[in-house]
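# Fold and geometry: a report
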Amino acid sequence: MNDFEQNSNDQPPPQAVERLVTKGKSVLDLCIERNKLLCVKGFIDCQIERGGDYVRVVEQMVGHIDAELQHTTDRHRRKLLMDLQGYAAQQLQAASEIPA
C-alpha cells in the first residue's frame, strides 16, 4: 500500500488528508481570486459526503478561512470568505447530525 491509498476501514492515511487540505486551500484561494465559490463548495460537499477523516479536511479549511478573515481588509474578499465560512459550518453541522 502506498502513502495515499485508503486503509482497510475506508479512511485515508494522514498524508492524504494533509494533501487534501493543501488542495482545498489552493482551490479556495483560486476561487476567491476569481470571485467564484461553486468549486470550493463542491470540494467541501465532496469531503463531507465521504465522511470520517475527510471531514477533518473541511474543519481545517474552516480554520484557514478564519485566518484569512482576520487578515483581509478587502470588503469583497471578506464577503466571499464569510459566505464560505457559513456554508462550511452549515455542512459540518448537517454532517454531525447524520447517524453513523
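Residues numbered from 1 in each chain as written. Predicted model: local features only at pLDDT ≥ 70, side-chain atom pairs only at ≥ 80, totals over all residues. Heavy atoms only, no water.

Let us now look at helix α4 (residues 75–97). If you check α4, its first and last C-alpha atoms are 33 Å apart, about what 23 residues at 1.5 Å a residue would give, namely 33 Å. Residues of α4 that are buried include every one of Leu80, Leu81, Leu84, Tyr87, Ala88, Gln91 and Leu92, and no others. As for α4, its buried residues are in contact with α1 (14–33), α2 (38–50) and α3 (54–71). Measuring from the side-chain oxygen of the N-cap residue of α4 to the backbone nitrogen of His76 gives 3.2 Å; that N-cap residue is Asp74. (Helix = DSSP H or I, 4+ residues; strand = E, 2+ residues; numbered from the N terminus. Expected span 1.5 Å × (residues − 1). Buried < 20%, exposed > 50% of the residue type's maximum accessible area, 1.4 Å probe, protein only. Contact = heavy atoms within 4.5 Å. Polar contact = N/O pair within 3.5 Å; in protein donor to acceptor, adjacent residues only side chain to side chain.)

Attention now goes to the nonpolar core. Residues Leu28, Ile32, Val40, Ile44, Val57, Met61 and Leu84 are the most contacted members of the largest nonpolar core, which totals 25 residues. Contributing elements (two or more residues each) for this core: α1, α2, α3 and α4. A per-element tally of this core places α3 first, with 8 residues. In this view, Leu84 contacts Leu28, Ile32, Leu37, Val40, Lys41 and Ile65; residues no more than four positions away in its chain are not counted. (Core = buried A, V, L, I, M, F, W, Y, C linked by side-chain atoms within 4.5 Å.)

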